[in-house]
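Tertiary structure, described
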Amino acid sequence: MTIRKATKTDYQIIVDFNLALAKETEEKILDRDILTKGVKYLLENPENGVYYLAEIDGNVVGQLMYTFEWSDWRCGLFYWIQSVYVDKNYRKQGVFSALYRKVKQICDTSENSCGIRLYAEIENKVAHKTYLSIGMEQCHYNMFEYEKKVIS
């Protein structure tokens, strides 16, 4: 398995994986055009976040994206893991763990980082077990959001 930083030419597989992720985890159908613009934007603006891909035999089988959050309490950046997806045929084979290890290595060697965070669906006990097994700890926070509605 190879873990590599995504390039601009990888946008289509990332879009496809994100569509599958939204459908599988939240039963959401994302707008492909908006998603494509969002993925391309991030690939062109890595100061906002980075995608990493897992490949086996030249085929992309998993992805992970992280963004940044400044913590004034810690004077450092949290790396927020998002958009994690592993092809169904490659689950339970260490793909996510390999992607996570890459982000952890980046975090551990960066002078201005202070940790890694992610959020998971409350009902997704399989994911919770996975995150605990790789050494992450459950936080004492609930997440809330406001989603701006875009009028087209």
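Structural data are supplied above this passage.
A brief structural summary.

The subject of this paragraph is the overall build of the chain. Per the secondary structure count, the chain includes four helices and five strands. Sequence-ordered secondary structure for the chain, helices as α and strands as β, is β-α-α-β-β-β-α-β-α. Computed over C-alpha atoms, the radius of gyration of the chain comes to 16 Å, within 12% of the 15 Å expected from 2.2 N^0.38 for 152 residues, which places it in the range of a compact globule. Across the 152 residues in the chain, those meeting the buried criterion constitute 37%. Expressed as a percentage of contacts within the chain between residues at least 6 apart in sequence, the contacts between residues at least 24 apart total 56%. For the chain, the exposed area adds up to about 10500 Å²; of that, 51% sits on carbon and sulfur atoms.

Even without being glycine, Asp 57 reaches a positive phi, approximately 50°. Residue position: Asp 57 is located in the loop between strand E2 (49-56) and strand E3 (59-71). Overall, Asp 57 belongs to the exposed group, its relative accessible area being 76%. Positive phi values are uncommon outside glycine, yet Lys 92 reaches one of about 65°. Following the sequence through the fold, Lys 92 ends up in the loop between strand E4 (76-86) and helix H3 (95-109). According to the relative accessible area criterion, Lys 92 is exposed, its value standing at 76%.

By the secondary structure assignment, Met 1 is in the segment before strand E1 (2-5). For the pair Met 1 and Leu 19, spaced 18 residues apart in the sequence, the C-alpha separation amounts to 23 Å. Leaving out residues up to four positions away in the same chain, Met 1 has contacts with Ala 54, Glu 55, Ile 56, Gln 93, Gly 94, Val 95 and Ala 98.

Reading the values: the criteria
- Residues numbered from 1 in each chain as written.
- Predicted model: local features only at pLDDT ≥ 70, side-chain atom pairs only at ≥ 80, totals over all residues.
- Heavy atoms only, no water.
- Helix = DSSP H or I, 4+ residues; strand = E, 2+ residues; numbered from the N terminus.
- Rg over C-alpha atoms; globule rule 2.2 N^0.38 Å.
- Buried < 20%, exposed > 50% of the residue type's maximum accessible area, 1.4 Å probe, protein only.
- Contact = heavy atoms within 4.5 Å.
- Areas by Shrake-Rupley, 256 points an atom, 1.4 Å probe, with all protein chains shown as cover.

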